[in-house]
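# Survey of secondary and tertiary structure
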Amino acid sequence: MELLVLGGTRFVGRAVVLDALARGWTVTALNRGVSGPLPASGGQLTADRTDPTTLARALAGRSFDLAVDTWSGTPDVVQTAADLLAGRVGRLGYVSSISVYTEGRPPGGDESWPTVETTPEVTGYPADKRGGELAAAQAFPDAILARPGMILGPWENIGRLPWWLGRAARGGRIVAPGRPQRAIQYVDVRDLASWLLDALQGTVAGPFDLTCPSGHTTTEMLLEAVVETTGSTAELVWVDQEAVLASGAEPWTQLPCWVPEGGEFDGFMEGDTSRAVSAGLRSRTVVETVRDTWAWQQQEGMPEAPAGRPPHGLPENLERQLLEGR
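Right, let's walk through the structure included here. (Residues numbered from 1 in each chain as written. Predicted model: local features only at pLDDT ≥ 70, side-chain atom pairs only at ≥ 80, totals over all residues. Heavy atoms only, no water.)

## Details of the overall build of the protein
Looking only at helices and strands, the protein has 11 helices and 15 strands in total. In terms of overall size, the protein behaves like a compact globule, its C-alpha atoms giving a radius of gyration of 20 Å where 326 residues would be expected to give roughly 20 Å. Its C-alpha atoms give the protein principal-axis dimensions of roughly 65 × 40 × 35 Å. The burial tally for the protein puts 51% of its 326 residues in the buried class. (Helix = DSSP H or I, 4+ residues; strand = E, 2+ residues; numbered from the N terminus. Rg over C-alpha atoms; globule rule 2.2 N^0.38 Å. Buried < 20%, exposed > 50% of the residue type's maximum accessible area, 1.4 Å probe, protein only.)

And the structure:
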């Protein structure tokens, strides 16, 4: 197979390139050439995707069996690329997000839940991703719209799991938020890449929520794997949800990978992903995800975080406050 990856040097794009190369495919990555070299041998096209003329010039005369787009910015960039590739690519996979759903999706929600509005007046990550979906599907009616939730694994440049690993490696008492058995849904980036490439070779199309099934992993399983993997003597100190929220600590960013139960986050970690599972999604254990992320983190260090992303991790003053008296 001949695969075009729009991106290819960071996190999801890197995982897609590596998986495709492991299959013996011919891989071409198109990017600006400023985020580092390709992770392995492969073709390189250099272009700024936000410049339609430059993009058209780079793609001129080229055709591919499959293409994967991981763009997270404004949807007009997805539209331009999809229009240029229509008729020259067999199938397109667009990496979207479960953030495209409107608020209030209950536990057990699936792909049938309404998505956010997307108009020129509506901006922000959810609208951008939904707009990207519509653009991809307009040019490729059989496009696969991959909607991952939290993505973990090697090459993570967001800083969620790497922060926990770094914090555990320092040792001492660590705030473990909420209920130990709180379900966590995520997808290992390698499982995402593998599923997407398999799906593109098949006949499935449309939206798929991509996370491990609810209950596959809990907060306790994740954090215990983090401590064990780093070889640390760190002690997990469980702090109930009410105390965490009363302290002002921010879920998701200051306490990565964790959100409270109920309220606006109700159902966030308890979605129904049976459609993707039926289409071949397999989830490796959290121990494997944590172990391999730590190995990568020690070997390569943390890459530069995406522009505009808030820093992840619990500030020391909040950590001391939450641990006081416990």
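## Some details on the pattern of salt bridges
According to the stated counting rule, one finds 19 salt bridges in the structure shown. Between Arg173 and Glu235 there is a salt bridge, with the nearest N and O atoms lying 3.9 Å from each other. Of this pair, Arg173 sits in strand E8 (residues 173-177) while Glu235 sits in strand E13 (residues 235-239), and the two are 62 residues apart along the sequence. Overall, Arg173 belongs to the partly exposed group, its relative accessible area being 29%. Since its relative accessible area comes to 45%, Glu235 is described here as partly exposed. Where salt bridges share partners, they join Asp188, Arg190, Asp191, Arg284, Glu288, Arg291 and Asp292 into one cluster. (Salt bridge = Lys/Arg side-chain N within 4 Å of Asp/Glu carboxyl O.)

## As for the packing of helix H3 (residues 75-85) against helix H4 (residues 125-139)
Relative orientation of the contacting elements H3 and H4 amounts to 15°, with a least axis distance of 8 Å. It follows that H3 is roughly parallel to H4 by the angle criterion. Every pair of crossing elements has a handedness; the one defined by H3 and H4 is right-handed. Of H4, the residues touching H3 (which contributes Pro75, Val78, Gln79, Ala82 and Asp83) are Asp128, Gly131, Gly132, Ala135, Ala136, Gln138 and Ala139. (Axes fitted to C-alpha atoms, helices over the stretch in contact; angles between N-to-C directions. Parallel < 35°, antiparallel > 145°, perpendicular 65-115°, else oblique. Left-handed = near helix turned anticlockwise from the far one by under 90°. Contact = heavy atoms within 4.5 Å.)

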